[in-house]
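Observations on the model geometry
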Amino acid sequence: MPKITVLPHPELCPEGAVVEAATGTSICDALHQHDIDIDSACGGVCACTTCHVIVREGFRSLNEIEEDEEDMLDRAWGLQPLSRLSCQAILQETDVTVEIPKYSINLAKEGHQ
Ligand code: FES
């Protein structure tokens, strides 16, 4: 089973974590299965950006980005070349390392009003 190394996030995972998940699982589901409560406002149907992660290692091992994911990602806070929507990023055999951005769009809005 591939491992996901989660870099420390102040609220969701202060110490960082290493979790395992079955091949074919989305990164978002895998994190939820291990009580890392990344936002998923749309329920994992590629209609928000709250599940945005940056895949620091293993990016190329994931399934290809579809057009609708790319369109949605364009609106994500802190977009980077290695960004994915974690509900659309499906684990293959390879371990990955992910960073959960400090803000999602929801929180960024709240923080700047
Ligand atoms: S949970 Fe909304 S796009 Fe992933």
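Residues numbered from 1 in each chain as written. Predicted model: local features only at pLDDT ≥ 70, side-chain atom pairs only at ≥ 80, totals over all residues. Heavy atoms only, no water.

An unreviewed UniProt entry lists the protein chain under the name 2Fe-2S ferredoxin, from Methylophilus rhizosphaerae.

Moving on, we come to the nonpolar core. Formed by 26 residues in total, the largest nonpolar core has its most connected members in Ile4, Val6, Ile27, Leu31, Leu91, Val96 and Val98. Those elements that place two or more of their residues in this core are strand S1 (3-6), helix H1 (27-33), strand S3 (52-57), helix H2 (67-73) and strand S5 (96-99). Sorting elements by how many residues they give to this core places H1 first, with 4 residues. Look past the residues within four positions of valine 6 in its chain and what remains in contact with it is Cys13, Gly16, Ala17, Leu31, Ile36, Val98 and Ile100. (Core = buried A, V, L, I, M, F, W, Y, C linked by side-chain atoms within 4.5 Å. Buried < 20%, exposed > 50% of the residue type's maximum accessible area, 1.4 Å probe, protein only. Helix = DSSP H or I, 4+ residues; strand = E, 2+ residues; numbered from the N terminus. Contact = heavy atoms within 4.5 Å.)

On to unusual backbone geometry, then. With phi around 60°, aspartate 35 is a residue other than glycine that occupies positive phi space. Among the secondary structure elements, aspartate 35 is positioned in the loop between H1 and S3. Here aspartate 35 falls in the exposed class, since its relative accessible area comes to 71%. Even without being a glycine, cysteine 46 presents a positive backbone phi close to 65°. You can see cysteine 46 is positioned in the loop between H1 and S3.

Residues Ile4 and Val6 line the buried face of S1, whereas the alternating positions Lys3 and Thr5 sit on a face that is not buried. Bridge count between S1 and strand S2 (residues 17-20): 4 bridges; the pairing is antiparallel. Each residue of the ladder has a partner; that of threonine 5, found in S2, is valine 18. (Pairing = 2+ DSSP bridges.)

So, about the pattern of salt bridges. This model, assessed by the stated rule, comprises 3 salt bridges. With a shortest N-O distance of 2.7 Å, glutamate 99 and arginine 56 are connected by a salt bridge. Remark: arginine 56 occurs in strand S3 and glutamate 99 occurs in strand S5; sequence separation between them is 43 residues. Owing to a relative accessible area of 36%, arginine 56 belongs among the partly exposed residues under this scheme. (Salt bridge = Lys/Arg side-chain N within 4 Å of Asp/Glu carboxyl O.)

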